[in-house]
Amino acid sequence: AHPPATPPTPATIEQAGRVLNANFEQNLLPLIRANPETRFIFFSPPYSRGEAFYLASQAPGTLEARQRFKDRLQALARENPKISYFDFEQWRDVTDNLDNYYDFQHHSRAVNDRMFEYMATHDGLPTSGDWIKTLASLRYRDVFRQCLPD
């Protein structure tokens, strides 16, 4: 048997953010700068409300760190017309419906197809930190209502 997962601490969340940003600066930014004629498409997947609720309750700061990175990607897209950014976590009709997921993070093929269709016909999908605020008022029963018996 595996030991239970331990939620990340604020220090590990901060460290993960530093690693993510360092990786981005070391690997992705040079690639973008070396290929100014290439179109780059970045997206944040529509993680479920269950995953976000877990992180908000068990790993404070994780969602805010995620949002800071999303804001960075969106700023990069604003600065460069060859870069598009899509924040599919804004799709509440997807993220709030747990039937769209195999588990808290992995969405169905239908959601994937919808994302590709959207990216093919739009220039981007802006991010907003408002989704984090809405989680503060949610209760377990609100998030997992589909899983509870009637």
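Owing to the predicted nature of the structure, the values given are computational and were not obtained by experimental measurement.

Here is what the cut-offs are and how they apply
- Within any chain, residue numbers begin from 1 and follow the written order of that chain's sequence.
- Two thresholds apply to this predicted model, a pLDDT of at least 70 for residue-level local features and 80 or more for giving and counting side-chain atom pairs, whereas whole-chain, interface and lining totals are computed over all residues.
- Excluding hydrogens and water, the side-chain values take into account all heavy atoms of the structure.
- Comment: axis = line fitted to C-alpha atoms, over the contacting stretch for helices; angle = value between 0 and 180 degrees taken between N-to-C directions.
- By definition, any uninterrupted DSSP run of H or I lasting at least four residues is a helix, any uninterrupted run of E lasting at least two residues is a strand, and each is numbered from the N terminus.
- Convention used here: angles under 35 degrees read as roughly parallel, angles over 145 as roughly antiparallel, angles from 65 to 115 as roughly perpendicular, and any remaining angle as oblique.
- Crossing handedness is read from the near helix: turned anticlockwise from the far helix by less than a right angle, it gives a left-handed crossing, and turned clockwise, a right-handed one.
- Whether two residues are in contact is decided by their heavy atoms: any pair within 4.5 Å suffices.
- For this classification, Asp, Glu, Lys and Arg are treated as charged, while Ala, Val, Leu, Ile, Met, Phe, Trp, Tyr, Cys and Pro are nonpolar and the rest, including Gly, are polar.
- Given the number of residues in a helix, its expected span is that number minus one, multiplied by 1.5 Å.
- Burial classification: accessible surface area is computed with a 1.4 Å probe over protein chains only, and a residue below 20% of its type maximum counts as buried, one above 50% as exposed, and the rest as partly exposed.
- Here, nonpolar core means buried Ala, Val, Leu, Ile, Met, Phe, Trp, Tyr and Cys residues that are tied together by side-chain atoms lying within 4.5 Å of each other.
- Centres within 6.5 Å are what make two rings of Phe, Tyr or Trp a pair, Trp counting through its six-membered ring; a difference in plane orientation under 30 degrees is then read as stacked, over 60 as edge-to-face, and the rest as tilted.
- Geometrically, a charge over a ring is one whose NZ (Lys) or CZ (Arg) sits within 6 Å of the ring centre while staying within 35 degrees of the ring normal.
- In this analysis, strands are considered paired if DSSP registers two or more bridges between them.

**Describing the packing of helix α1 (residues 10-34) against helix α3 (residues 62-79)**
Contact geometry for α1 and α3: axes closest at 10 Å, N-to-C directions at 15 degrees. Classified by the interaxial angle, the pair formed by α1 and α3 is roughly parallel. Read as a crossing pair, α1 and α3 show a hand that is right-handed. Side by side, α1 and α3 meet where I13, E14, L20, N21, F24, E25, L29 and I32 of the first sit next to T62, A65, R68, F69, R72, L73 and L76 of the second. Class assignment for the residues of the contact of α1 with α3 results in nine nonpolar, two polar and four charged.

**Observations concerning α3**
Taking 1.5 Å per residue as the helical rise, α3 with its 18 residues ought to reach 26 Å, and the 26 Å between its terminal C-alpha atoms agrees with that figure. For α3, every residue scored as buried is listed here: T62, L63, A65, R66, Q67, F69, K70, L73, Q74, L76 and A77.

**Structural notes on the nonpolar core**
Of all hydrophobic cores here, the largest spans 11 residues; its members are F24, L29, I32, F40, F42, F69, L73, L76, A77, I83 and Y85. Only α1, β1 (40-44), α3 and β2 (83-87) provide two or more residues apiece to this core. With four residues, the top contributor of residues to this core is α3. If we ignore the near neighbours within four places in the chain, the residues touching I83 are I32, F40, F42, L76 and A77. Counting 10 residues, the second-largest nonpolar core is a separate cluster that includes F88, Y101, Y118 and L125.

**Remarks on the packing of aromatic side chains**
Evaluated as defined, the whole model comprises eight aromatic pairs. Summarising the aromatic geometry, the rings of F88 and Y118 are spaced 6.0 Å apart at their centres and angled 80 degrees between planes, so their arrangement reads as edge-to-face. Separated by 30 residues along the polypeptide, F88 in the loop between β2 and α4 (92-95) and Y118 in helix α5 (residues 109-121) bring together distant segments of the chain. Here F88 matches Y118 in class, with each residue buried. Of the aromatic side chains, those joined through ring pairs into one cluster are F43, F86, F88, W91 and Y118. The aromatic ring of W91 is capped on one face by R114, whose charged end is 4.0 Å from the ring centroid.

**Brief notes about the packing of helix α2 (residues 49-58) against α3**
Interaxial distance between α2 and α3 falls to 7 Å at its minimum, and their mutual angle equals 115 degrees. Packed against α2, whose contacting residues are E51, A52, L55 and A56, the element α3 presents T62, L63 and R66 at the interface. Residue classes in the contact of α2 with α3 are distributed as four nonpolar, one polar and two charged.

**Re the pairing of β2**
Burial of β2 is extensive: five of the five residues sit out of reach of the surface. Side chains of β2 alternate between two faces, with I83, Y85 and D87 and S84 and F86 buried alike. Sheet analysis places β1 next to β2, joined by five bridges and oriented parallel. Note that in β2 the partner of F40 across the bridge is I83.

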